[in-house]
Amino acid sequence: VCPAGVFGDDAGIRDAGCSGKCASGHFCPRGSSRADASPCPFGTYNSLAGQGDVSACLPCKVSHYCEEGTAQPSPCSTLAHPGFTTVGEGAEGPSDCVCMAASFRDPFQPPARWGTCVVCPEGADCREPGAELGALPLLEQHWRAFNLSAVPRSCPREHSCRAGIVKDDWRARATSPCRANCEVGYVGVLCATCDEGYHAACEFDNCTSCNGAPDP
């Protein structure tokens, strides 16, 4: 039986080295018959041949990804854009590569499939890596028409636009008033219109309930 770290693919092997060392990106427990007997799991890599245990598989480096059986981590930057990184170690595949903080991924920019990391616009919150156009967080008092609008706009009415992620998409806009990230009582472009049942004494004053009840 071949010891750990090497493999034997012929019967009756007497040499302690057996048929050869286990392949990099893999490990060979005692008795292995192939160089690629056991691949390193997703999110790990092993650059050395002749390893006999899964402990030889190291966590994938930051800004890289490691699919099953990886010998050398693949840099995220080779996918499309030098701004790609990962949130910590152990990325398992290309889909774990995200844009760095202060930018967001626009899937409609070339190259196809991966898109491009774009500088975060004013009004968006890109303090954490991984921001995406379809789920781009907004700062308070900023508005997007729907979840694929690339440029946030400032809201004219105080307290009319909430921070967070716009959930409306273009299909929702076709069947209901544009609410996007409007606070209760506000509706329309820039959340500048009082919703049904609300009113404002003057232009751009806060919208208050018509029945005098406090806003929720």
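The structure this text deals with has already been given above.
Everything numeric here is computed off the predicted structure, so don't read it as measured data.

J.: I would appreciate a short explanation of the overall build of the protein chain in the present structure.
T.: Along the protein chain, the regular secondary structure elements total 1 helix and 20 strands. When burial is assessed residue by residue, the protein chain has 41% of its 216 residues classed as buried. Surface accessibility of the protein chain: about 11,800 Å² in total, with carbon and sulfur atoms responsible for 53%.

J.: What am I meant to see in the side chain of S38 here?
T.: Note on placement: S38 falls in strand β4 (residues 38-39). Since its relative accessible area comes to 18%, S38 is described here as buried. Every residue in contact with S38, bar those within four places of it in the chain, is listed here: H26, F27 and P29.

J.: Is there a simple way to explain unusual backbone geometry in this structure?
T.: For residues that are not glycine, phi is negative in most cases, and the peptide bond is trans in most cases. Its identity is not glycine, yet S63 carries a phi of approximately 70 degrees, on the positive side. Within the secondary structure, S63 sits in the loop between β6 (58-59) and β7 (64-65).

J.: Sorry if this is basic, but what is going on with the state of the cysteines here?
T.: Linking two cysteines covalently via their sulfur atoms produces the bond known as a disulfide. On inspection of all chains with the given rule, the structure shows 10 disulfides. Covalent S-S linkage joins C76 and C97, the inter-sulfur distance amounting to 2.0 Å. Negative torsions about the S-S bond denote left-handed disulfides, and the value of about -75 degrees found for C76 with C97 makes this one left-handed. One end of the pair, C76, is in the loop between β8 (74-75) and β9 (84-85); the other, C97, is in the loop between β9 and β10 (98-99), with 21 residues separating them in the sequence.

About the thresholds
- Residues numbered from 1 in each chain as written.
- Predicted model: local features only at pLDDT ≥ 70, side-chain atom pairs only at ≥ 80, totals over all residues.
- Heavy atoms only, no water.
- Helix = DSSP H or I, 4+ residues; strand = E, 2+ residues; numbered from the N terminus.
- Buried < 20%, exposed > 50% of the residue type's maximum accessible area, 1.4 Å probe, protein only.
- Areas by Shrake-Rupley, 256 points an atom, 1.4 Å probe, with all protein chains shown as cover.
- Contact = heavy atoms within 4.5 Å.
- Disulfide = S-S within 2.5 Å.

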